[in-house]
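Now for the letters of each chain:
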Amino acid sequence: MATATYRRNRLQPVHGVCRWIGHAGNGNRLLEITGQVYEVEDLAGGGWRLYRLAEGGGLKVYTIEADGWTCDCPDAVYRPGRPGGCRHVAALGAALAALK
């Protein structure tokens, strides 16, 4: 009987381009991540640094906890351990650092 072995591909670090592109009408900022526009809402409160990223008018919404840099997007949930996290975490971290 033959035995099949599977080789797991190494996860590649995330890469792309992000930039702040303006403000939404409600005071939230707009962040472009590799061509996709996200509305970034700061949900900070109670000692937590939380952000909500809404893409496409709220069709896709992801929550990022900035103290541990975790995201609830499918890439982060189903492919943990990716160097740099998912693209949302990497882009938001870089964009927030650029504001300082």
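Now for a quick tour of the structure. (Residues numbered from 1 in each chain as written. Predicted model: local features only at pLDDT ≥ 70, side-chain atom pairs only at ≥ 80, totals over all residues. Heavy atoms only, no water.)

1. Regarding the overall build of the protein chain
Then step 1. On a plain count of helices and strands, the protein chain comes out with 2 helices and 6 strands.
Then step 2. Tracing the protein chain from N to C terminus, the helices and strands come up as β-β-β-β-β-β-α-α.
Then step 3. Counting all 100 residues of the protein chain, 27% fall into the buried class.
Then step 4. Once local pairs closer than 6 in sequence are excluded, the contacts in the protein chain between residues at least 24 apart make up 29%.
Then step 5. Carbon together with sulfur atoms contributes 53% to the accessible area of the protein chain, which is approximately 7000 Å² in total. (Helix = DSSP H or I, 4+ residues; strand = E, 2+ residues; numbered from the N terminus. Buried < 20%, exposed > 50% of the residue type's maximum accessible area, 1.4 Å probe, protein only. Contact = heavy atoms within 4.5 Å. Areas by Shrake-Rupley, 256 points an atom, 1.4 Å probe, with all protein chains shown as cover.)

2. Things to note about the nonpolar core
Then step 1. One finds Trp20, Leu31, Val40, Tyr51, Leu53, Cys71 and Leu92 to be the most contacted residues of the largest nonpolar core, which totals 18 residues.
Then step 2. For this core, the secondary-structure elements that each account for two or more residues are strand E2 (29-33), strand E3 (36-42), strand E4 (50-55), strand E5 (60-65) and helix H2 (87-99).
Then step 3. A total of 5 residues in this core trace back to one element, the largest contributor, which is H2.
Then step 4. Not counting the four nearest positions on each side in its chain, Leu53 is found in contact with Ile33, Tyr38, Glu39, Val40, Lys60, Val61, Tyr62, Ile64, His88 and Leu92. (Core = buried A, V, L, I, M, F, W, Y, C linked by side-chain atoms within 4.5 Å.)

3. Some words on the sheet that holds strand E1 (residues 18-23)
Then step 1. On the basis of which strands lie adjacent, the open sheet formed by 6 strands has the order E1-E2-E3-E4-E5-E6 and antiparallel pairing. Only two strands of the sheet have a single partner each, and these edge strands are E1 and strand E6 (70-71).
Then step 2. Sheet topology places E5 next to E6; 2 bridges connect them, and they run antiparallel. Opposite Ile64, over in E6, you have Cys71 as the bridge partner.
Then step 3. Here H2 sits on the sheet and contacts E1, E2, E3, E4, E5 and E6; the angle it forms with E1, its principal contact strand, is near 65 degrees. (Pairing = 2+ DSSP bridges. Axes fitted to C-alpha atoms, helices over the stretch in contact; angles between N-to-C directions.)

4. Focus on the environment of Val17
Then step 1. Structurally, Val17 can be placed in the segment before E1.
Then step 2. Once residues within four sequence positions are removed from consideration, Val17 is found in contact with Glu32, Ile33 and Thr34.

5. A look at the side chain of His88
Then step 1. Its location among the elements puts His88 in helix H2.
Then step 2. At 3.3 Å, the side chain of His88 forms a polar contact with the side chain of Tyr38.
Then step 3. Residue contacts for His88: discarding those within four places in its chain leaves Ile33, Tyr38, Leu53, Tyr62, Ile64, Cys71 and Cys73. (Polar contact = N/O pair within 3.5 Å; in protein donor to acceptor, adjacent residues only side chain to side chain.)

6. Let's talk about the packing of aromatic side chains
Think of a pair of aromatic rings as described by two things: how far the centres are apart, and how the planes are tilted against each other in angle.
Then step 1. Overall, the coordinates contain 0 aromatic pairs when judged by the stated rule.
Then step 2. Positioned over the ring face of Trp20 is Arg29, at 4.7 Å from the centre of the ring. (Phe/Tyr/Trp six-rings, centres within 6.5 Å; stacked < 30°, edge-to-face > 60°. Lys NZ or Arg CZ within 6 Å of the ring centre and 35° of its normal.)

7. Regarding the pairing of E1
Then step 1. As paired elements, E1 and E2 share 5 bridges and run antiparallel to each other. When the sheet's bridge partners are listed, Cys18 is paired in E2 with Ile33.
Then step 2. Adjacent in sequence and paired antiparallel, E1 and E2 are bridged by 5 residues, among which Gly27 carries a positive phi angle near 95 degrees.

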